[in-house]
Amino acid sequence: ERERPMTTTPASAASHAGSAASSAVFDRSLRRVPPMGGFNKTLALIELKRVLRNRRTMIFSLVVPAAFYFMFGVGQTYSNESAGRGNVGAFIMISMALYGAMISTTGGGAMVATERAQGWSRQLRLTPPSPIAYVIIKVGVAMMLGLLSILVVNLCGIASHAQMHSPWLFLG
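These figures come from a predicted structure and were not determined experimentally.

Visitor: Please set out the overall build of the chain residue by residue, giving values where relevant.
Guide: A count of helical and extended segments in the chain gives six helices and four strands. Listing each helix as α and each strand as β along the chain from the N terminus yields β-α-β-α-α-β-β-α-α-α. The buried share of the chain, reckoned over its 172 residues, is 28%. Nonlocal contacts in the chain, meaning residues at least 24 apart in sequence, comprise 68% of its contacts between residues at least 6 apart. Here the chain displays about 12100 Å² of accessible surface, and carbon together with sulfur accounts for 65% of that area.

Here you go:
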C-alpha cells in the first residue's frame, strides 16, 4: 500500500465511518520543499508581466512622472537657469524620477496588502512557493518597475536637453 498525503485520524474515522464529515489532516512530513523556497524565474516573470499589463499602474508609474517633468521642467522660463551642478530642468527631472520610483515601489507594497485582503495570499499557501519567496518576488518586481520609471524620466530629460555637469548622473 502506498503512502497517502491525506490521512484521517483514527478517532474520527471510527466515529464517522463512511460519513463525509470525517476530518482530514495533512501529513507535513510528506511535503517536498522546493529548491530556494519556491522562488523561480518563471514565477517572477509571470508577476512582472501581470504588473506591466496593469494600465493604471503603468500610467501612474511611467506616464505621470514623465508628464509632470514635461509640464514643470521643460519650456518654462526657469528651466535653463543654473541650479547646483546643472540647470533647473535637470533638478526637476531627478525629482520626477524619484517621484515615479516612489509611486512604483509603494504600489508594490499596496498590491501585497490588497491581495491579502482579497484572500489571494491564502490561496498561494497551497502552492510550492514559501511566503518569503512571494514577498521577495513582489519586492523585486516593484523595484524593477521603479527602475523603469527612472529610466523613462531620464530618457525624457536627455531628449529635452536637461543639463548636468556630470553626464553619469542621468543613470540614476
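Visitor: Talk me through the packing of helix α3 (residues 55–73) against helix α4 (residues 88–118); I want residue IDs and the actual numbers.
Guide: One can describe the packing of α3 onto α4 by two numbers: an axis separation of 9 Å at closest approach and a directional angle of 160 degrees. Considered as vectors, α3 and α4 are oriented roughly antiparallel to each other. Viewed along their axes, α3 and α4 form a crossing whose handedness is right-handed. On α4, the residues touching Phe-60, Ser-61, Val-64, Pro-65, Phe-68, Tyr-69, Phe-72 and Gly-73 of α3 are Gly-89, Ile-92, Met-93, Met-96, Tyr-99, Gly-100, Ile-103 and Ser-104. Among the residues forming the contact of α3 with α4, the class breakdown is 11 nonpolar, five polar and no charged.

Visitor: Please give an account of the environment of Ile-132 that cites residues and values.
Guide: Structurally, Ile-132 can be placed in helix α6 (residues 131–159). Here Ile-132 falls in the exposed class, since its relative accessible area comes to 60%. Residues Ile-132 and Gly-37 lie 95 residues apart in sequence; the distance between their C-alpha atoms is 7.7 Å.

Visitor: Which residues make up the packing of aromatic side chains, and what values do they have?
Guide: Under the counting rule described, the total for this entry stands at three aromatic pairs. Note on Phe-68 and Tyr-99: the rings are 5.9 Å apart at their centroids and 40 degrees apart in plane angle, and the pair reads as tilted. Here Phe-68 is found in helix α3, whereas its partner Tyr-99 is found in helix α4, with 31 residues between them in sequence. Taken together, a centroid distance of 5.5 Å and an interplanar angle of 55 degrees make the contact between Tyr-69 and Phe-70 tilted. Residue class for Tyr-69 comes out buried when judged on its relative accessible area of 1%. Accessibility expressed as a relative area gives 40% for Phe-70, which makes it partly exposed. Here a set of aromatic residues connected by ring pairs shows up, and it is made of Phe-68, Phe-72 and Tyr-99.

Analysis parameters
Residues numbered from 1 in each chain as written. Predicted model: local features only at pLDDT ≥ 70, side-chain atom pairs only at ≥ 80, totals over all residues. Heavy atoms only, no water. Helix = DSSP H or I, 4+ residues; strand = E, 2+ residues; numbered from the N terminus. Buried < 20%, exposed > 50% of the residue type's maximum accessible area, 1.4 Å probe, protein only. Contact = heavy atoms within 4.5 Å. Areas by Shrake-Rupley, 256 points an atom, 1.4 Å probe, with all protein chains shown as cover. Axes fitted to C-alpha atoms, helices over the stretch in contact; angles between N-to-C directions. Parallel < 35°, antiparallel > 145°, perpendicular 65-115°, else oblique. Left-handed = near helix turned anticlockwise from the far one by under 90°. Nonpolar A, V, L, I, M, F, W, Y, C, P; charged D, E, K, R; others polar. Phe/Tyr/Trp six-rings, centres within 6.5 Å; stacked < 30°, edge-to-face > 60°.

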